[in-house]
Amino acid sequence: MEAAAIEIEQLFEQAIEISEFDVVLTLINYKGVSSQNLNSNLLEFFDAIPFYTKLYRELEGKEKARMGLQLYSTFFENSDFYNMIGSLCRITLGYKGSSYLFWKTRKYERLLGIGEKQDFLMELLADSDKENIIDFYESNHHKEIRNTFFHSAYSIEGSEYVMHDSDPITIEGVQRASFDLETFFYPKVESVIAVFEAFKTSYWNLWNSYQSDREVIGYFPVRSKVTIMGSDQGLKGFRIKDSVSLFGKLHDSGIWYDEKYKFWCGHNIRMNMARIEDIEIDDQLKRYENKDDIVKNDMDFFNLIDKIVEKQDPRNIRRATILLLKYGDVRVAKMKAEENHYKKKSFPKMILPYYRLALEIGSHVFRDVQEFKKTIAGLEAQV
């Protein structure tokens, strides 16, 4: 089995050990009242990929290639897959998952693209020590292949796939505008199938493990006794008994499946998007405050800073400024320790975005602003 597929299975197991209730929330993936199938795009994903895989195995020649490209591109496009893997990573790290984890960016004015979701996910995977899943993405995902296929900007002749109107991809250190399907692409499709099957199997095994009710401790948002609702069809939701007082009476709250009307529904809960954003920002700040460094990708971090700047909460502006200085200082220390002259010269470009933004959003944090401006000027002179 693919090493990444094994880590997918481990991720489910590790998350359950940390907080079973939060994993159940992730499985339900509730966004509002809806049927089982329409609550997310995950069930269509689970149906479509095996269908494409079946055809991929049966077909030959160009038909096999096209179906392999459909399978490959569809896998890397699924948004709830990224949300769930990211949420499970966060749970293993002691934070909350979210149905909106990789939803919008900056001022919440647009949906994230797949490339951005992948970039954001990499740092969470690194924090969770899931290096094989990182390697799976870095070795197998080429946005140029996905884009040329979905935009019909390709040609196939024999076993060669040619990309049109696209940047090249790097194969063994060489930039190429074409590649061999048999030796280069089909092994990647097999890796995708293995990871997909591990995720789908782990998801349904856990879902179907809830054959009867089970009581756990969870935070929703306060510490409570939670009944996870099970059935012969698996997970049916969760209920917190007598948790809400309405008109002088206590009522249960939670999210469960209504058998009569055949939909998922929240009961006596309030979903406020502004509050969800505040909770997620605080969770992300805590995560970065507990991290020594950003090791794989800083796009998620800078996106977090953008959201904080937009909201203009003075406490979070201060926390964000301190983090910018922290990670800038880490890179300064690395620059000073670097003995290779050429590598040393590359560090000022990495440091400046952190220091410039810290000065821009949080000048009130500095004891000596003028001295810090001199530090920035000194780095700029080395670029």
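Note that the structure is predicted; figures quoted are calculated from it, not measured.

K.L.:
Mind showing me how you'd approach helix α6 (residues 114-127) here?
P.N.:
With 14 residues, α6 ought to run about 20 Å at 1.5 Å a step, and its terminal C-alpha atoms sit 20 Å apart, in line with that. For α6, a buried count of eleven out of 14 residues is recorded, marking the element as mostly surrounded by other parts of the structure. Buried within α6 are the following residues: Ile114, Glu116, Lys117, Gln118, Phe120, Leu121, Met122, Glu123, Leu124, Leu125 and Ala126. Phi turns positive, to about 60 degrees, at Asp129, one or two residues after α6.

K.L.:
Got a minute to help me understand the pattern of salt bridges in this structure?
P.N.:
Close approach of charged atoms allows side chains of opposite charge to pair. Enumeration according to the criterion identifies 26 salt bridges in this entry. Of the charged contacts in the structure, one is a salt bridge between Arg57 and Glu190, with a shortest N-O distance of 2.6 Å. Taken together, the positions of Arg57 in helix α3 (residues 42-58) and Glu190 in helix α9 (residues 181-208) put the pair 133 residues apart, joining distant regions of the chain. Judged by its relative accessible area of 33%, Glu190 is partly exposed. One salt bridge connects Glu259 with Lys262, and the closest N-O pair in it is separated by 3.7 Å. Residue Glu259 is classed as partly exposed on the basis of its relative accessible area, which comes to 38%. With a relative accessible area of 45%, Lys262 lands in the partly exposed category. One network of salt bridges, in which partners are shared, links Glu123, Asp127, Arg287, Lys291 and Asp300.

K.L.:
What is the right way to read the nonpolar core from this model?
P.N.:
Here is a general trend for soluble globular proteins: nonpolar side chains tend to be buried in one another's company. Counting 81 residues, the largest nonpolar core has Phe75, Ile85, Tyr137, Ile145, Phe179, Phe185 and Phe199 as its most contacted members. Broken down by element, the residue count for this core peaks at 14 residues, all from α9. When neighbours within four sequence positions are excluded, Phe179 is seen to be in contact with Ile145, Ser159, Glu160, Tyr161, Met163, Ile169, Ile171, Phe184 and Phe185. In this structure, Ile308, Ile351, Leu357 and Ile376 belong to the second largest nonpolar core, which totals 30 residues.

Reading the values: rules and limits
Residues numbered from 1 in each chain as written. Predicted model: local features only at pLDDT ≥ 70, side-chain atom pairs only at ≥ 80, totals over all residues. Heavy atoms only, no water. Helix = DSSP H or I, 4+ residues; strand = E, 2+ residues; numbered from the N terminus. Expected span 1.5 Å × (residues − 1). Buried < 20%, exposed > 50% of the residue type's maximum accessible area, 1.4 Å probe, protein only. Salt bridge = Lys/Arg side-chain N within 4 Å of Asp/Glu carboxyl O. Core = buried A, V, L, I, M, F, W, Y, C linked by side-chain atoms within 4.5 Å. Contact = heavy atoms within 4.5 Å.

The values reported here are purely geometric and, on their own, carry no functional implication.
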